[in-house]
Amino acid sequence: MTRPPVYVTRPILPPLEDVYSLLQEIWQTRILSNGGPILQRFEAALGQYLGVDHISMVGNASMGLVLALRHHGITGEVITPAFSFVATSHAIRWAGAEPVFADIDPVTLNLDPVEVEKRITGRTQAILAVHCYGTPCDTDGLQRVADRHGLRLIYDAAHAFGVRENGRSICTSGDLSVLSFHATKVFNTFEGGAIISPDRETKLAIDRLGNYGIVDETTVLETGLNTKMSELNAAVGLALLPQMDSAIATRARLANHYSDALGDVPGLRAVCPPGRTGHNFYHFPILVGDGYPISRDALYERLRQDGLFARRYFYPLISDLPMYRDLPSAAPSMLPVARRAANQVLCLPIFPDLDPVDQERIIGIVRQPC
Ligand code: T4K
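Keep in mind that what you see is a predicted model, and the values were worked out from it rather than measured. (Residues numbered from 1 in each chain as written. Predicted model: local features only at pLDDT ≥ 70, side-chain atom pairs only at ≥ 80, totals over all residues. Heavy atoms only, no water.)

Draft legend 1. Looking closely at the packing of helix H3 (residues 61-71) against helix H7 (residues 200-209). For the pair H3 and H7, the least separation of the axes is 10 Å and the interaxial angle reads 115°. Taken as a pair, H3 and H7 cross one another with a handedness that is right-handed. Of H7, the residues touching H3 (which contributes Leu67, Arg70 and His71) are Thr202, Ala205, Ile206 and Leu209. A per-class count over the contact of H3 with H7 returns four nonpolar, two polar and one charged. (Axes fitted to C-alpha atoms, helices over the stretch in contact; angles between N-to-C directions. Helix = DSSP H or I, 4+ residues; strand = E, 2+ residues; numbered from the N terminus. Left-handed = near helix turned anticlockwise from the far one by under 90°. Contact = heavy atoms within 4.5 Å. Nonpolar A, V, L, I, M, F, W, Y, C, P; charged D, E, K, R; others polar.)

The structure is reproduced here in structure tokens:
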């Protein structure tokens, strides 16, 4: 009998009873949006879970990134990786600024501070770095570059739910961090996201900018946007939070098993180091390099033949897409590390209810593809 398809990820969901009781509350109060009681409880509970004090919920991380850039008035050049999901660069453009691509570190696959510094010009205003796959950026190195040149440092932390470094949430780094709670993420509210601010004043300014710039019934202070999260999405998040420790622990077990089982395969390298504390194991990326019997794309197809849908996150490079490829920083010779990663990366399925039988099937094919 053929087994059902296995996708790169599968969302976790809260117990339906827990959501149902919150829905009953919504049906009674008829408060559906605009910072209602469930959203406020979710904000407080999430802050406690992540260990951060100032959170603004948003409808998705893309809008969160636009808001973060707009809050800091960024309309010039923003240095960012080409090795990311398109939303990172799209957000820069939607904020009215221009992306400038810098190369990444070959080990973490995150922005390399040395490469960032090479791209700084008189028009540079900010760095938008990505904690790719939940692996922390070199936050100290990037901060030093930002401080030296008077730049804002904003983190696309879409992948970094619950990630900690030196005992602190990674989202306390830089000027602002933006999380994604999309269905495919470690933690989801179906669609959703959050901006982590360093202080209450910034949080309130972000909340206002995401609520049309409204101060009160007769005062609109600025050209805001609607980026609000609804009570329905907040209810899902509030009900799901209690499961997160065990969900991340299961991901860690699955990732460690992949690492153990694939560690000795010639030509393969796992991006995520095994046993790393504070990681969330959002993806399990491998780099398929020289010495492996078939190409990355052939392995991708081979897995698909058996209904195992690994994904090439992130291929193609953002800098190769038609709306960006004419930028001077998109020249292929400028981004050799990012280019190699995009050509070698394959994210293997990982999610809390991945069936061990399916994980063994994946391991079997990756170990012996022909
Ligand atoms: N910055 C970064 C670095 C990001 O990676 C992202 C999003 C963002 C910013 C923007 O965040 P949001 O604005 O979305 O909050 C997915 C996601 O749509 C996207 O959120 C995510 N990154 C990106 C890495 O992946 P696709 O087009 O690859 O997703 P899709 O629909 O092919 O889903 C992958 C697999 O997941 C499916 O084969 C099956 C499974 N799945 C998916 C959905 C949507 C489910 O089982 N249930 C579902 O509801 O983009």
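Draft legend 2. Spatial organisation of the site of the ligand. Neighbouring the ligand are 25 residues; Ser62, Asp156, His159, Ser180 and Tyr313 lie closest to it. In the model, an oxygen atom of the ligand is placed 3.3 Å from a nitrogen or oxygen of the His182 side chain. In the model, an oxygen atom of the ligand is placed 2.8 Å from a nitrogen or oxygen of the Arg311 side chain. Computed on the free molecule, the ligand has an accessible area of 920 Å², of which 74% lies beneath the protein chains in the complex. Within the residue set of the shell around the ligand, elements represented by two or more residues are H3 and helix H4 (87-94). (Near = heavy atom within 4 Å. Polar contact = N/O pair within 3.5 Å; in protein donor to acceptor, adjacent residues only side chain to side chain. Areas by Shrake-Rupley, 256 points an atom, 1.4 Å probe, with all protein chains shown as cover.)

Draft legend 3. Fine view of the packing of helix H1 (residues 16-29) against helix H8 (residues 231-240). Put simply, H1 and H8 touch, their axes get as near as 9 Å, and they point 145° apart. When you trace H1 past H8, the crossing you get is right-handed. Between H1 and H8, the contacting residues are Asp18, Val19, Leu22, Leu23 and Ile26 on the first element and Glu231, Leu232, Ala235, Leu238 and Ala239 on the second. Looking at side-chain class alone, the contact of H1 with H8 contains eight nonpolar, no polar and two charged residues.

Draft legend 4. Region of interest: the pattern of salt bridges. Enumeration according to the criterion identifies 18 salt bridges in this entry. Here Arg3 and Asp355 are joined by a salt bridge, their closest N and O atoms 3.2 Å apart. On the criterion of sequence distance, the pair formed by Arg3 in the segment before strand E1 (6-7) and Asp355 in the loop between strand E16 (345-348) and helix H12 (356-367) is long-range, its members being 352 residues apart. Overall, the relative accessible area of 36% leaves Arg3 in the partly exposed class. On the basis of relative accessibility, which here comes to 31%, the residue Asp355 falls in the partly exposed class. For Glu117, the salt bridge identified is with Arg148, shortest N-O distance 2.9 Å. (Salt bridge = Lys/Arg side-chain N within 4 Å of Asp/Glu carboxyl O. Buried < 20%, exposed > 50% of the residue type's maximum accessible area, 1.4 Å probe, protein only.)

Draft legend 5. Summary view of the side chain of Asn233. Checked against the element boundaries, Asn233 lands in helix H8. Only 3.3 Å separates the side chain of Asn233 from the backbone oxygen of Glu191, close enough to count as a polar contact.

Draft legend 6. Broad picture of the nonpolar core. Phe42, Leu46, Met57, Phe161, Phe181 and Met244 are the most contacted members of the largest nonpolar core, which has 35 residues in total. Residues in contact with Leu46, not counting those within four places in the same chain, are Ile55, Met57, Phe161, Phe181 and Leu241. Of all hydrophobic cores here, the second largest spans 29 residues; its members include Leu268, Phe284, Ile286 and Val288. (Core = buried A, V, L, I, M, F, W, Y, C linked by side-chain atoms within 4.5 Å.)

Draft legend 7. Broad picture of the packing of aromatic side chains. Scanning the entire structure with this criterion turns up 14 aromatic pairs. A centroid spacing of 6.3 Å and a plane angle of 50° characterise the contact between Phe85 and Phe314, whose relative ring orientation is tilted. Taken together, the positions of Phe85 in the loop between strand E3 (77-81) and H4 and Phe314 in the loop between strand E15 (308-309) and helix H11 (336-344) put the pair 229 residues apart, joining distant regions of the chain. Assessed through its relative accessible area of 47%, Phe85 is described here as partly exposed. A ring pair is formed by Tyr133 and Phe314, whose centres lie 6.2 Å apart and whose planes are at 10°; its orientation type is stacked. Residue Tyr133 is found in the loop between strand E5 (124-130) and helix H6 (139-149), and its partner Phe314 is found in the loop between E15 and H11; the two are separated by 181 residues along the sequence. (Phe/Tyr/Trp six-rings, centres within 6.5 Å; stacked < 30°, edge-to-face > 60°.)

Draft legend 8. The arrangement of the side chain of Gln344 in detail. Relative to the assigned elements, Gln344 resides in helix H11. Judged by its relative accessible area of 18%, Gln344 is buried. Sequence-distant contacts of Gln344, defined by excluding residues within four places in its chain, comprise Ile286, Leu287, Val288, Gly289 and Arg296.

Draft legend 9. Structural detail: unusual backbone geometry. Note that the residue after Tyr313, namely Phe314, is joined by a cis bond; omega there is 15°. Between Tyr315 and Pro316 the backbone carries a cis peptide bond, its omega angle lying at 0°. Along the chain, the position of Pro316 falls in the loop between E15 and H11. A positive phi angle is found at Arg30, which is not glycine, with a value near 60°. Summarising the element assignment, Arg30 is placed in the loop between H1 and helix H2 (37-50).

Draft legend 10. How the structure looks around the sheet that holds strand E14 (residues 284-288). Here we have three strands laid out as an open sheet, ordered E13-E14-E16, and antiparallel in their pairing. Of all the strands in the sheet, just strand E13 (268-270) and E16 have a single pairing partner and so form its edges. With strand direction ignored, the average angle separating the axes of adjacent strands in the sheet is 30°. (Pairing = 2+ DSSP bridges.)

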